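# Analysis of the macromolecular model
Residues per chain, in single letters:
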Amino acid sequence: MAIYPSKIKDYIVTFLFEYLFYCYIKITFKLFTLQVDGWTSAFLFSLETQQTIGYGSRSIATKCAEAIIVLQIQTIVGIVVDAFMLGLTFAKLSRPRERALTCSFSKNAVITLRNGKMCLMFRVADIRKSQIVEAHIRLQLFREVETAEGHNYPFYQEDLKVCYNPDDYKQQNEDNRNHIFLLFPLVIVHVIDEASPFYQLTPEILKESHFELVAVLDGIVEATGMNTQPKTSYLPDEILWGYNFVNLTDRSCNDERSLYWWDYSRLDDVYKVAVTPLCSPKEYYQQHGFPSENESSMNYL
């Protein structure tokens, strides 16, 4: 038979105040309650008080002020310990670490063209029905950097701009670029422009590079209000040049309504993009130009 922590707590408090009641009887030689005259009856009285199951024939006499004070102390201590154990149990069951396990990132990141821009992309999805509130995504680059003075920083950290729509990555309110509504799987995009550390990156340089990309999804669990932070990382050999993610969306039409389905089992699936240039983004933009903010080859249906 399992013994729960709350029951262990009840018996600890019960034995503690049983000892106080019994000591009071032995010291004062007074029967401060009806039918409480020894160790066993003191234990039953303390147990009935702690469990609130009723005294029956045992009760405190009005002339024993000390016993009444001890009884009130036991009641207050029991309530405080109950509240503490309830909060501890709730925090244990609603750990945000367990919620983070239901968020999935793609196994690989990819580099390809998207609306005329060279982009580094990865995919993120949440397989639960309950939403992550105020979700936003961050992408950080860890690499070795040497300053002009010769100082070496082996784990230099740099924030990369990310968004889910490469046409709006330079929008006026940049604080909202990385805010996402994770209702379905999303492809997160880092546009490789002149401000990106990958501006002069080529497939050959990528194979010989030493860095790590860390993607962090930060949000609040809807059911508990606690913060959760699932994360993943990508090494250079996990970044695929000239690939793109397959479409996970499938539309099924019924007589009365249209349903969209997402196949989460294909979250990591990619396909080869033949038109991806093998030169660096800098060389590509010098040949073709960087698309303006008003240009977009995306067709909205």
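Just so it is clear, the structure is predicted and the values come from calculations on it, not from any experiment.

### Observations concerning the overall build of the chain
Secondary structure assignment for the chain yields six helices and 16 strands. Looking at the chain as a whole, 39% of its 301 residues are labelled buried. Partitioning the intrachain contacts of the chain with sequence separation of at least 6 by distance along the chain shows that 66% fall at a separation of at least 24. For the chain, the computed accessible surface area is about 18,700 Å², with 56% contributed by carbon and sulfur atoms.

### Description of unusual backbone geometry
Of note in the backbone geometry, Asn-115 takes a positive phi value of approximately 55 degrees without being a glycine. Within the secondary structure, Asn-115 sits in the loop between strand S4 (109-114) and strand S5 (117-126). Despite not being glycine, Glu-134 shows a phi value in the positive range, around 55 degrees. Mapped onto the secondary structure, Glu-134 falls in strand S6 (residues 132-146).

### Some thoughts on the packing of aromatic side chains
Enumeration over the complete set of coordinates arrives at six aromatic pairs. Measuring from ring centre to ring centre gives 6.3 Å for Tyr-199 and Tyr-285, while their planes differ by 25 degrees; the resulting arrangement is stacked. With Tyr-199 in the loop between strand S8 (186-191) and helix H5 (203-208) and Tyr-285 in helix H6 (residues 281-288), this pair connects stretches of sequence that are 86 residues apart. A single burial state applies to Tyr-199 and to Tyr-285, both of which are buried. Members of the aromatic cluster, joined through ring pairs, are Phe-105, Phe-122 and Tyr-234.

### Here we look at the side chain of Asn-108
Position of Asn-108 among the secondary structure elements: in the loop between strand S3 (103-105) and S4. We classify Asn-108 as buried; its relative accessible area is 16%. Not counting residues up to four positions away in its chain, the partners in contact with Asn-108 are Phe-122, Tyr-234, Glu-238, Leu-240 and Phe-245.

### Here's the deal with the nonpolar core
Ranked by internal contacts, the top residues of the largest apolar core, which has 34 residues, are Leu-120, Phe-122, Phe-198, Leu-213, Leu-217 and Ile-239. Among the secondary structure elements, those contributing two or more residues to this core are S3, S4, S5, S6, S8, strand S9 (211-221), strand S12 (239-241) and H6. Among the nonpolar cores identified, the runner-up in size contains six residues, and Val-110, Cys-119, Met-121 and Phe-245 belong to it.

### Comments concerning a nonpolar patch on the surface
Taken together, the side chains of Phe-181, Leu-183 and Phe-184 define a hydrophobic patch exposed on the protein surface, amounting to about 290 Å² of accessible area. Among the structural elements, Phe-184 can be located in the loop between strand S7 (152-160) and S8. Accessibility expressed as a relative area gives 30% for Phe-184, which makes it partly exposed.

### Some details on the pattern of salt bridges
One pass over the full model with this rule turns up two salt bridges. When the shortest N-O distance is used, the salt bridge between Glu-158 and Arg-143 registers 2.9 Å. Linking Glu-158 in strand S7 with Arg-143 in strand S6, this pair joins segments that are 15 residues apart in sequence. By relative accessible area, which is 28% here, Arg-143 ends up partly exposed. Across the salt bridge formed by Arg-266 and Asp-269, the nearest N and O atoms sit 3.2 Å from each other. Classification of Arg-266 as partly exposed rests on a relative accessible area of 34%. For Asp-269, a relative accessible area of 30% gives the class partly exposed.

### Observations regarding the pairing of S9
The buried count for S9 comes to nine of 11 residues, which makes it a mostly enclosed element. Taken together, the 10 bridges between S6 and S9 define a ladder with antiparallel strand orientation. Looking across to S9, one finds that Arg-138 is bridged to Val-216. Pairing geometry for S9 and strand S11 (residues 231-234), over four bridges, is antiparallel. Each bridged residue has a counterpart across the sheet, and for Ala-215 the counterpart in S11 is Thr-232. Relative to strand S10 (residues 227-228), S9 runs antiparallel, the two sharing two bridges. Counterpart to Gly-219 in the pairing with S10 is Thr-228.

What counts and what doesn't
Residues numbered from 1 in each chain as written. Predicted model: local features only at pLDDT ≥ 70, side-chain atom pairs only at ≥ 80, totals over all residues. Heavy atoms only, no water. Helix = DSSP H or I, 4+ residues; strand = E, 2+ residues; numbered from the N terminus. Buried < 20%, exposed > 50% of the residue type's maximum accessible area, 1.4 Å probe, protein only. Contact = heavy atoms within 4.5 Å. Areas by Shrake-Rupley, 256 points an atom, 1.4 Å probe, with all protein chains shown as cover. Phe/Tyr/Trp six-rings, centres within 6.5 Å; stacked < 30°, edge-to-face > 60°. Core = buried A, V, L, I, M, F, W, Y, C linked by side-chain atoms within 4.5 Å. Patch = residues over 30% accessible without salt bridge, like charges linked within 9 Å, V, L, I, M, F, W, Y side chains within 5 Å. Salt bridge = Lys/Arg side-chain N within 4 Å of Asp/Glu carboxyl O. Pairing = 2+ DSSP bridges.

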